[in-house]
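# Descriptive analysis of the structure
Read off the chains here:
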Amino acid sequence: MAVIRDMIAPFELYQPAGVDDAVRLMDQYGDEGWVLAGGLDTFDWFKDRIKRPAAVIDLAAVDEIRGIAEGGDGGLDIGAMTSLTAVAEHADVQSRYPLLAEAAGLVATPQIRNQGTLGGNIVQDTRCWYYRSGWPCYRAGGNICYASTRRAMNREHCIMGADRCVAVNPSDTAPALVALDAEMVVASSSGERTYAAADFFVGPDIDIERMTVLEPGDLLTRIVLPAPREGARWYFEKIRDRKSWDFSLVTVASMLQVQGGVIQDARVVVNSIAPYPVRMGAVEAAIRGREPSEETGQMAGEIAVEGARALRHNDYKIALTRNLVKRSIRDAA
Amino acid sequence: MEFLRRALNPWGEDVPIGVSWDLIWAAVIIGAVFVVVHALMVPKKVATGEIDESEAKGLPEKLQRHTVGARGFHWSMSVTMFALLITAFFPVIGIQFPWVTIHWIAGVLLILTVIYHIYHVFAKQDFWTMWIDRRDVEEGKLGLKAALGQSDAERPRAGKYPVDQKMFHHVAMIATLGAVVTGILMMFRIDNFLLPMNTYMFSDATWGWIYVIHGVCGIGLIFLVIAHVYFAIRPEKRWMTWSMINGWIDRDRYLENHDPARWTVDGSSQTAEAEGD
Ligand SMILES: Cc1cc2nc3c(=O)[nH]c(=O)nc-3n(C[C@H](O)[C@H](O)[C@H](O)COP(=O)(O)OP(=O)(O)OC[C@H]3O[C@@H](n4cnc5c(N)ncnc54)[C@H](O)[C@@H]3O)c2cc1C
Ligand code: HEM
Ligand code: HEM
Ligand code: SF4
């Protein structure tokens, strides 16, 4: 579909060495500037000449936001520029946040995980191909959604959370971070702000042209994980067309706090079924106080898809979501 | 400044996709300038209190200006209009919230209100009270001269609606109908339970112009509402504003501002000719 042209349109390249410089440059260029992390989303847009920023602010040299460090209160601080491989293979992440290690390890291919960053993975744009072909749909500032018409190819699109746009959030790490109750730290010329991961993602009902709260000039600097909960069980499953590598069709991430055989607290998150990772609040409320059994899972699965609406080619996502949510409760370990 | 937002459609055609959002600010600024200039230049008309006692004979103290139905229409129109303006433009200027559903439902309520209004106007036969005729043109000219201090002649008394109010009505009507007609068509572009989605009903360019017209009418209404609310809160017009709330005006205001021959209120002159007859 998309015609990949090898020549990227010209831009000013900046390679700041610190967050302050990066933020100053981003402020200077506003919506004419583009933050470059691993480039795996970025270069698609550039090569197709669909996005043509005047300036690219390459974060490769901003070492202060790369790496994993012990955070306050027994948590972990992950710099936005940390590669997905580093996240997946880090001993602390593996032992204390296996949910995140698993999610990061299932992104694409080893090469992509080496190059791709956690920050870029969270902030990446949707993969809706109408949009990525440069068509002037709502998300591109236009007045039409090509993916929701009667003849549209929308097998990968959403079953909930639509508002004119029916694209999905493609990130594997995003649902894991929402389930882990992570915080996103954002720097801009007006200072630093922190968002709960669940509030970091934006649906098209609020802003049809963005996937996250980030506005031009905002830099995601760190992802802060709270201390792991005692005795927490987790579950992560990503369904994709090919086992080797592919974007997710439906992904579930859950964290259960089980005591005395009963669920005390839960966070159940599903991605790639809506334009943002969906935290299943109704499911969480319904399973509290119950055993993590087949029966509870079954009930949770039914609740999870209440109100879901399939497009022409994606009703399989409803069944898939129902089953994944069920498993994420029954099989959490 | 650009007037249109344009894009290349999948066939490489350059099509309009909507009106430029810069025009929102243009409408707000023009509205503000209009208000300030008017407030500074046009002196408040002090009530002379001079009325022809003979005309007052047989008239009750309070005269009905707006029926309950007319007031109901006005305020329902006002509420839906504000809802439409807020849901349409706040997200564009950065105050974001889920707007589309509230917007189209307010749009549907506005349409119902307008249908009721049209029915009411024809059923009650007060259609002609808004009509602009030669006397209105004359009234307007003299009124303008008096306002600009170029003439000592008194502005003649109006029918039920002074000519400036009639002009507001007609312009607001055109803008509202423009937004309504295009809004109904735009319902086919979004998922709603009233109309089926039919995105490809028109060509991209035609759709684009529909969005442009919707936007132009909407932005026009920003200016119109600013001007209208400004006049409603001016001190010398408050008696009229109260009438939109409680329905009546007092006899002196009536005789001072309205020509009983042009606007016959129940109980006023029995012989006066009803306007437009
Ligand atoms: C073939 C292929 C397969 C893939 N498969 C998967 C998959 O299965 N699962 C999955 O989750 N992902 C997948 N991806 C996405 C990939 O893993 C990257 O995470 C993603 O493309 C972006 O990461 P990046 O570091 O390359 O960021 P970039 O491409 O450089 O940036 C992505 C976007 O985020 C912005 N951005 C980046 N960092 C910041 C920051 N710190 N602050 C503010 N804005 C920022 C950029 O401006 C840009 O808009 C795939 C990508 C490719 C090319
Ligand atoms: C009269 C006051 C109205 C104003 C000021 C107004 C303004 C607007 C504006 C500015 C937009 C955004 C258009 C764009 O993105 O280019 C919009 C969208 C829309 N309006 Fe209105 N509108 C009005 C009335 C109506 C009515 C009466 C309806 C129909 C019942 C309606 C239905 C819609 C719909 C469905 C959209 C969304 C279209 C889309 O995003 O594709 N509007 N309106
Ligand atoms: C705070 C908001 C508003 C106030 C205080 C207000 C006040 C008034 C007043 C005082 C009148 C004249 C009544 C008379 O002639 O006796 C009037 C008439 C009118 N208004 Fe408003 N108005 C408001 C909002 C609106 C809005 C948003 C619209 C739609 C664009 C609107 C449309 C009209 C129309 C069409 C008339 C003339 C028809 C009639 O008298 O029924 N008004 N309004
Ligand atoms: S789903 Fe969203 S991104 Fe895809 S064509 Fe529709 S509006 Fe554009």
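First, a word on what this report is: a plain description of the structure on this page. These numbers come from a predicted model, not from an experiment.

All right, on to the overall build of chain B then. Looking only at helices and strands, chain B has nine helices and four strands in total. Its helices and strands taken in sequence order, chain B reads β-β-α-α-β-α-α-α-α-α-α-β-α from the N to the C terminus. Seen along its three principal axes, the alpha-carbon backbone of chain B occupies a region of about 75 × 40 × 35 Å. Burial statistics for chain B: of 277 residues in total, 39% are counted as buried.

All right, on to the site of ligand 2 then. Lining the immediate surroundings of ligand 2 are 26 residues, of which Tyr 138 of chain A together with Arg 5, His 103, Tyr 211 and His 214 of chain B lie closest. Lying at an intersection of chains, ligand 2 is approached by residues of chains A and B. Between ligand 2 and Tyr 138 of chain A, the relevant distance is 2.4 Å, taken from an oxygen atom to a side-chain nitrogen or oxygen of the residue. The contact in question runs from an oxygen atom of ligand 2 to an N or O atom on the side chain of Arg 164 of chain A, over 3.2 Å.

A few words on the pairing of strand E2 (residues 33-36) of chain A. Residues and elements named next belong to chain A. Of the two faces of E2, only the one carrying Trp 34 and Leu 36 is buried; Gly 33 and Val 35 on the other face are not. In the sheet, E2 pairs with strand E3 (residues 55-58) via four bridges, with the strands oriented parallel. By the bridge assignment for E3, Trp 34 is matched with Val 56. In this fold, E2 hands off to helix H2 (residues 42-47), which returns the chain to E3; that crossover is right-handed.

Turning our eyes to something else, we now look at unusual backbone geometry. All names here are of chain A. One non-glycine residue with positive phi stands out, namely Arg 164, at about 70 degrees. Looking at the element boundaries, Arg 164 is found in the loop between helix H8 (129-132) and helix H9 (173-179). Residue class for Arg 164 comes out buried when judged on its relative accessible area of 17%. With phi around 65 degrees, Asp 181 is a residue other than glycine that occupies positive phi space. When you line up the elements, Asp 181 lands in the loop between H9 and strand E6 (183-188).

Rules and cut-offs
Residues numbered from 1 in each chain as written. Chains lettered and ligands numbered in written order. Predicted model: local features only at pLDDT ≥ 70, side-chain atom pairs only at ≥ 80, totals over all residues. Heavy atoms only, no water. Helix = DSSP H or I, 4+ residues; strand = E, 2+ residues; numbered from the N terminus. Buried < 20%, exposed > 50% of the residue type's maximum accessible area, 1.4 Å probe, protein only. Near = heavy atom within 4 Å. Polar contact = N/O pair within 3.5 Å; in protein donor to acceptor, adjacent residues only side chain to side chain. Pairing = 2+ DSSP bridges. Right-handed = clockwise from strand over helix to strand, strands pointing away.

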